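Here is how the chains run, residue by residue.
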Amino acid sequence: MATTAGATGWYRGRVKLVPSGDSLVIMAVTSNKSGPPPEKTITLSSLIAPRLARKGGVDEPFAWPSREYLRNLCIGKEVTFKVDYSIPSIRRDFGSVFLGDKNVALLVVSEGWAKVREQVQQKDEVSPFLDDLLRLEEQAKQEGLGRWSKGPGALEASIRNLPPSAIGDPGNLDAMDLLAKNKGRPMQGIVEHVRDGSTVRVYLLPDFQFVQVFVAGIQAPSMNKRAAVETVAETETISNETNGDASEAIAPLTSAQRLAASTVSPGVAHDPFGMEAKYFTELRTLNRDVRIVLEGVDKFSNLIGSVYYPDGESPKDLALELVENMYGYPESLSLPPRLIQGLAKFVEWSANMMEEDAKRQLKTAELQAKKSRLRMWTNYVPPATNSKAIHDQNFTGKVMEVVSGDCVIVANDSVPYGSPLAERRVNLSSIRCPKMGNPRRDEKPAPYARDAKEFLRTRLIGRQVNVKMEYSRKMTDGPIVVPVPGDARVMDFGSIFLLSHSKGDGGEASTAPSTAAGQQPGINVAELVISRGFGTVIRHRDFEERSNFYDALLAAESRAIAGKKGIHSAKDPPVSHITDLTTAPSKKAREFLPHFHKNRRISAIVEYVLSGHRFKLLIPKETCSIAFSFSGIRCPGRDEPYSEEAIALMRRKIMQRDVEIEVETVARNGTFLGSLWESRTNMGVTLLEAGLAKLQTSFGTDRIPEAHLLELAEQSARRQKLKASCIIMSYWSFDDCTEKCMKLALYSAIWEKYVEGEEVNNGPAVESKQKEVLKVVVVTEVLDGGRFYVQKDGDHKIASIQQQLASLSLQEAPVIGVFNPKRGDIVLAQFSADNSWNRAMIVNAPRGAVESPKDKFGVFYIDYGNQEEVPCSRLRPLDPSVSAAPGLAQLCSLAYIKVPSLEEDCGPEAAQYFSDNTLNSSKEFRAKVEERDASAGRVKGQGTGPVLIVTLDAADSEISLNASLVQEGLARIEKRKKWDSMERKVALDNLEKFQDEARADRRGLWVHGDIESDDEDVVLPAKKAGGRR
């Protein structure tokens, strides 16, 4: 009946499971195959331990203490074993097991936890140490040890009082009641079975409730379809049958025993990596003392909890260990070290039951596992994302404007003052604040939107900050009707840090926590906003770029939620009603004038700089917004020379600052007139000293405060005119000019034509020089019906550049990573229409380094004026000797007329008409330069240098192209101004005849009769005098 084991030698192994007081499951120490090592169940030869309770039954006396003695003695330890004999009828191997140099069977018998079986059916079915076992058994009996104890009540005390769940009746377990009594409290337990990597069955001590616990926050690959674990022989894991007695009927096992002893169906595949995940959990928790923290119960009454197992001095979280990087096999197993990564996935619904910190750690660990693409994430394909990392774009600057609670505009210290690139819009990474709304669409600010913006304004405006740009995101909401240079739909995100503390900053945000991105250089503004409850942290998708300080933001949000701050408060949000007098009738504005006169100086906040001398102010005390203008001071209007410089100066000085105003009166359009001070500095004086405004004294200065200072400032600007030319020359000679140099360059800007003793006209500031005539020009690109690019026909520069380009030897595309063109670089680009190579300026480049030949670049052909998007493979570096020459394309605009834009009525028709008569025509044109506009050349990056405002004449045409557009009703003449020159008046008179003709015939713009002009062109009809009938 009995047969000798096939292997007669000794084996080394590690104890994986102790099912009873006389049996062990031992797994191999070394393995030549991947995956879990083989294992074997060994019953100690010639021993019989008390039986544990089966279904519906009770423990035999001392059964549990016997099992616990052997478990505590051997679990997880390395042993040496040998199979003494096998009994095929009961599929069991019997052997001798040594723990170091100690015989485990002798230790068990000496403590009295098992008895020795002497009667056997075959002579070889005995332990080779039978004599020693009998001697030690007799000694234990005499001393009353273990099961031989004769103390009063010892027998009854050794039998567990098991609840129904431990003897095969789990239906009586009230999961909700168990959770209510123990939620969040660590409970001691012993893992009896591992169903899969994220599901364990546990005895909860001391009541011995046998429960199944799903590990919170994760899900391991399923083991519902399992393949048999490779074993040295057939693996029957547990049986409390009498040692060698095959004739006795086997009683039903308990739930715990059935689960521990369940065999697997050979040949049925399990989920990928399911076996590895199961083994990972078994190796750390099976038959171990663990701590269970119940987190919740699902709708099927399944217990959800966190499992902590001992590992050295501090316990470890099983969920976190399954998800993140670690070695799956101990070094002592002598297996090849391989990273076990991604043996479980993050599950949102059960993770929501956990604490926020634990949940965040799990999510971060899963993201790292996906990035490494090991184990169950080997074939993982990240979802498409519209975000892209930004590298090496950190800078220091001063905060100019707070757009909303999560968006600010910072002036870069490294960019010259007045440059269009000096100010950069920065959206705070990974946070979202309430929206400010859109007054044009009657959208009101969301609750706490004003509070969030004001919170940032009081802490950031005018202060130095460090900006760490982190990622950009392409916005896809809504179509772009008209393409513009650069990608206007890309938003840049970064972290902003205050360099110095101010009142109210402390205690709200961490100052320098260590992160993967390094040390924070100050107070994180985003963390400051979140900690006050003025925003929420964005839950990014996997592989979506996020803040380098994301964990700190989540921690700040948790504190805000716990403190019920801001938007997390249960209270109603504060109500702030602001009366906007800028959109109200002027009569409404006049009603506020007595209140402003009553208080001489009024505190205000500059909300917006409309022009150099006109602003939108918020009056907190009166809860209203007003339009405010300097009394007696005028700056150039929009689109006039030096208007942008005046606006830039005022933005730097007073944008969103706390100021004081004195109101003198209110204009007919509802604009309040007066004086404005910032930090006791009269800003009218600042404008006049910079030469960006003129003092208008036609209405007297007796009511203007500090009028004498204004006059002195204007006189100083006039005197600076004498040195203006050398100052401006000096400025353009150095690239690293400071803000002070730039301001000096602007001095006397308006006064550059001033002659001492000569009266100055307050007319327009457009340059008016001797008329220039370009005899023959070629139109190379049409932007719309009124703007276009030309080349001078016969210009020797064109032939010279074409000759230089023809002499270039174009080789293969440069190696990726070596050639990285940046915005503003002059390169050689291959035009898609005819594959010709032309000089081009990069106007839009990918974020970061070039990664592929297909990366798209937006280019502007400086010799022709057209733009397109080309791949990197169609770009080449250009020799400086060729790129240094200025572009040959000259931007022009038609003089004396206003052509509709492409979005307006008749705009596309006007552009088509102009193209048909220029690009698609063989006519020669002559351009007469009427004016030069030095400011419009920088609009939206369209070319460089001044815009030539011209009259375009065809050689064989009686009227100019300007007049033809007006005659066809595709344009209208400009508004007349009181300071118009005689030549301009004559030109407008001639064009007006063609406009009258188009109006009479209802052509183009006039198809419905008279059209309304822009606001500046509207002339209100005189009010008829009332009279009695």
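Residues numbered from 1 in each chain as written. Predicted model: local features only at pLDDT ≥ 70, side-chain atom pairs only at ≥ 80, totals over all residues. Heavy atoms only, no water.

## Some points on helix α7 (residues 274-285)
- Taking 1.5 Å per residue as the helical rise, α7 with its 12 residues ought to reach 16 Å, and the 16 Å between its terminal C-alpha atoms agrees with that figure.
- The buried count for α7 comes to 12 of 12 residues, which makes it a mostly enclosed element.
- Those residues of α7 that sit buried are G274, M275, E276, A277, K278, Y279, F280, T281, E282, L283, R284 and T285.
- Looking at the residues trailing α7, positive phi occurs at N287, about 60°. (Helix = DSSP H or I, 4+ residues; strand = E, 2+ residues; numbered from the N terminus. Expected span 1.5 Å × (residues − 1). Buried < 20%, exposed > 50% of the residue type's maximum accessible area, 1.4 Å probe, protein only.)

## Quick look at the pairing of strand β21 (residues 407-412)
- Burial within β21 is extensive, with 6 of its 6 residues counted as buried.
- Residues of β21 alternate between two faces, with C407, I409 and A411 on one and V408, V410 and N412 on the opposite face, all of them buried.
- The sheet contact formed by strand β20 (residues 394-404) and β21 spans 6 bridges and is antiparallel. Following the sheet pairing, K398 is matched in β21 by A411.
- Where β20 folds back on β21, the antiparallel hairpin that results is connected by 2 residues.
- Here β21 runs beside strand β22 (residues 423-428); their pairing, made up of 5 bridges, is antiparallel. Note that in β22 the partner of I409 across the bridge is R425. (Pairing = 2+ DSSP bridges.)

## Focus: the packing of helix α10 (residues 356-372) against helix α13 (residues 550-562)
- With their axes 10 Å apart at the nearest point, α10 and α13 run at an angle of 155° to one another. Between α10 and α13, the crossing angle belongs to the class labelled roughly antiparallel. Remark: the crossing between α10 and α13 carries right-handed chirality. Residues E356, R360 and T364 of α10 touch α13, and the partners they reach there are D551, L554, A555 and S558. (Axes fitted to C-alpha atoms, helices over the stretch in contact; angles between N-to-C directions. Parallel < 35°, antiparallel > 145°, perpendicular 65-115°, else oblique. Left-handed = near helix turned anticlockwise from the far one by under 90°. Contact = heavy atoms within 4.5 Å.)

## Re the environment of L961
- Tracing the chain through its elements places L961 in helix α23 (residues 961-967).
- According to the relative accessible area criterion, L961 is buried, its value standing at 6%.
- For the pair L961 and T918, spaced 43 residues apart in sequence, the C-alpha to C-alpha distance is 9.4 Å.
- Leave out the neighbours within four places in its chain, and L961 touches Y913, F914, N917, T918, F925 and L952.

## Quick word on the environment of G397
- Relative to the assigned elements, G397 resides in strand β20.
- Under the relative-accessibility criterion, G397 is labelled buried at 0%.
- Sequence separation of G397 and V415 is 18 residues, and the distance between their C-alpha atoms is 9.6 Å.
- When sequence neighbours within four positions are dropped, the list of residues in contact with G397 reads V410, A411, N412, D413, R463, Q464 and V465.

## Details of the nonpolar core
- Counting residues in hydrophobic clusters, the biggest one holds 42 residues, and the most contacted among them are F615, L617, I626, F672 and L676.
- Broken down by element, this core gets its largest block of residues, 5 residues, from helix α15 (residues 643-654).
- Look past the residues within four positions of F615 in its chain and what remains in contact with it is V606, Y608, V609, L610, I626, A627, F628, F630, M650, I654 and L676.
- Grouped together as the second largest cluster of nonpolar side chains are 41 residues, V191, V215, V297 and L320 included. (Core = buried A, V, L, I, M, F, W, Y, C linked by side-chain atoms within 4.5 Å.)

## Re unusual backbone geometry
- Note the cis peptide between L205 and P206, where omega equals 10°.
- The backbone of S46 shows a phi angle near 65°, a positive value even though the residue is not glycine.
- The residue S46 is located in the loop between β3 (39-44) and β4 (47-48) in this model.
- In this structure S46 comes out as buried when scored by relative accessible area, which is 2%.
- For K564, which is not glycine, the phi torsion reads 50° and is therefore positive.
- In this fold, K564 is placed in the loop between α13 and β30 (579-580).

## Focus on the confidence of the model for the protein chain
- Residues at a pLDDT of 70 or more form 80% of the protein chain, whose mean pLDDT is 78.
- Low pLDDT, under 50, characterises residues 1-7; the predicted model gives this stretch 20 contacts beyond four residues in sequence or across chains.
- Low pLDDT (under 50) marks residues 226-267, which in the prediction has 100 contacts with non-local residues, meaning those over four places away or in another chain. (pLDDT = per-residue confidence, 0-100.)

## Observations concerning the pairing of β20
- Sheet analysis places β20 next to strand β24 (residues 464-474), joined by 5 bridges and oriented antiparallel. From the neighbouring strand, K398 faces β24, where its bridge partner is Q464.

## Considerations on the sheet that holds strand β41 (residues 826-830)
- In spatial order, the strands read β44-β43-β42-β41-β45; together these 5 strands make up an open sheet with antiparallel pairing. Where the open sheet ends on each side, the last strands, each with one partner, are β44 (867-871) and β45 (875-876).
- By the bridge criterion, 5 bridges tie β41 to strand β42 (residues 837-844) in an arrangement that is antiparallel. Along β42, the bridge assignment pairs A829 with N838.

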